[in-house]
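Descriptive analysis of the structure
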Amino acid sequence: MGTKKQKVEITVPVYNEEEELEKHITILAAFCDKHLSHYDWHITIADNASSDNTPVMAATIAKKNSHVSLLRLEQTGRGRAVKRSWSSSHADFCIYMDLDLSTDLNHLPALINALQNGYDIAIGSRLAKGAKVEGRTMIREVTSRALNFFFIQLLFKTHFTDAQCGFKAVTKKVVENLIPQIQDNSWFFDGELLIVGEKSGYKIYEEPVHWIDNPGSTVRLMTTIFGDIRAMGRLLLTKPWEKK
């Protein structure tokens, strides 16, 4: 009788992604089939209130592939979608990544290996030594570095280098004990998870990644920045890591 495979849940939050959905989920599934065959892996397309054909296409993809399923939410918010998907999973390791696959998928096994070797959270970093970033505009590069250093590292005295990279993995313990504390339902879900996680004593692994910018990204820079600053202000006031 063989050893029971560990379960890996990969959540891909989507919002109005009908143009890239089928192609990129197919690429991701093929990668998992080849490189994660020793795990019981599953992909959840977490649709957060898309108004185009994304949920219909996702349902069709799920019918064709038993490793893929659709989770439909009627409210927007990447953080909300990831939290709902992870909290509904019984996997040993939960991952989320952006649909655009800007981060090279070859880094995925390293995140899982880090969790197997004692880390609680594993993240891809575009700002860590050894990372390679291609095609990113100067304004986004400067904004990212400023947000991570001046606002996060200095204000919260944390050590991780990249809060926003959409390539993260956590253990079941983190899903059960830390995720319920994370309030942000939008783009700062990542930052809050890492800030509260590090301040609460969870071990974080950073993987320097090869990352290629997606010019078709739907992220609105200024709206995201203002939302991040509001969320950081809330964390500074409430300090949830100090509560028992």
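Quick note: structure is the one above.
A brief structural summary.

Conventions used here
Residues numbered from 1 in each chain as written. Predicted model: local features only at pLDDT ≥ 70, side-chain atom pairs only at ≥ 80, totals over all residues. Heavy atoms only, no water. Buried < 20%, exposed > 50% of the residue type's maximum accessible area, 1.4 Å probe, protein only. Helix = DSSP H or I, 4+ residues; strand = E, 2+ residues; numbered from the N terminus. Pairing = 2+ DSSP bridges. Axes fitted to C-alpha atoms, helices over the stretch in contact; angles between N-to-C directions. Left-handed = near helix turned anticlockwise from the far one by under 90°. Contact = heavy atoms within 4.5 Å. Nonpolar A, V, L, I, M, F, W, Y, C, P; charged D, E, K, R; others polar. Phe/Tyr/Trp six-rings, centres within 6.5 Å; stacked < 30°, edge-to-face > 60°. Lys NZ or Arg CZ within 6 Å of the ring centre and 35° of its normal. Salt bridge = Lys/Arg side-chain N within 4 Å of Asp/Glu carboxyl O.

1. Structural notes on helix α3 (residues 78-87)
Of all ten residues that make up α3, eight are buried, and the element is covered over most of its length. Every buried residue of α3 is listed here: R78, G79, R80, A81, V82, K83, S85 and W86.

2. Points about the sheet that holds strand β8 (residues 204-208)
Overall, mixed pairing links the seven strands, which are arranged β3-β2-β1-β4-β7-β5-β8 in an open sheet. Two strands in the sheet have a free side with no partner beyond their single neighbour: β3 (68-73) and β8. With direction set aside, neighbouring strand axes in the sheet form an average angle of 20°. Inspection of the sheet shows strand β5 (residues 121-125) paired to β8 by five bridges, in the parallel sense. Bridged to A122 within β8 is Y205.

3. Regarding the packing of helix α1 (residues 21-35) against helix α2 (residues 54-64)
For any two helices packed against each other, the geometry is given by the interaxial angle and the distance between the axes. As a packed pair, α1 and α2 sit with axes 10 Å apart at the nearest point and diverge in direction by 35°. Remark: the crossing between α1 and α2 carries right-handed chirality. Across from L21, E22 and I25 in α1, the residues of α2 making contact are T54, M57, A58, I61 and K64. In the contact of α1 with α2, the residues fall into five nonpolar, one polar and two charged.

4. Some words on the packing of aromatic side chains
Enumeration over the complete set of coordinates arrives at five aromatic pairs. Put simply, the rings of W86, Y96 and F189 touch in pairs and so form one group of aromatic residues. The ring of W211 has R126 lying over it, and the distance from NZ or CZ to the ring centre is 5.0 Å. A cation over an aromatic ring shows up here: K203 above the ring of Y119, its NZ or CZ 4.9 Å from the ring centre.

5. Some remarks on the pattern of salt bridges
Counted according to the given criterion, the structure contains nine salt bridges. For K168, the salt bridge identified is with D190, shortest N-O distance 3.0 Å. Here D190 lies in helix α7 (residues 189-199) and K168 lies in strand β7 (residues 167-171), a separation of 22 residues in the sequence. Of the two residues examined, K168 and D190, each falls in the buried class. The partner of E192 in a salt bridge is R234, and the shortest N-O contact between them spans 2.7 Å. Placement of E192 in helix α7 and of R234 in helix α8 (residues 221-238) is noted, with a sequence separation of 42 residues between them. Of the residues examined, E192 reaches a relative accessible area of 0% and is grouped as buried.

These figures come from the coordinates and say nothing about function on their own.
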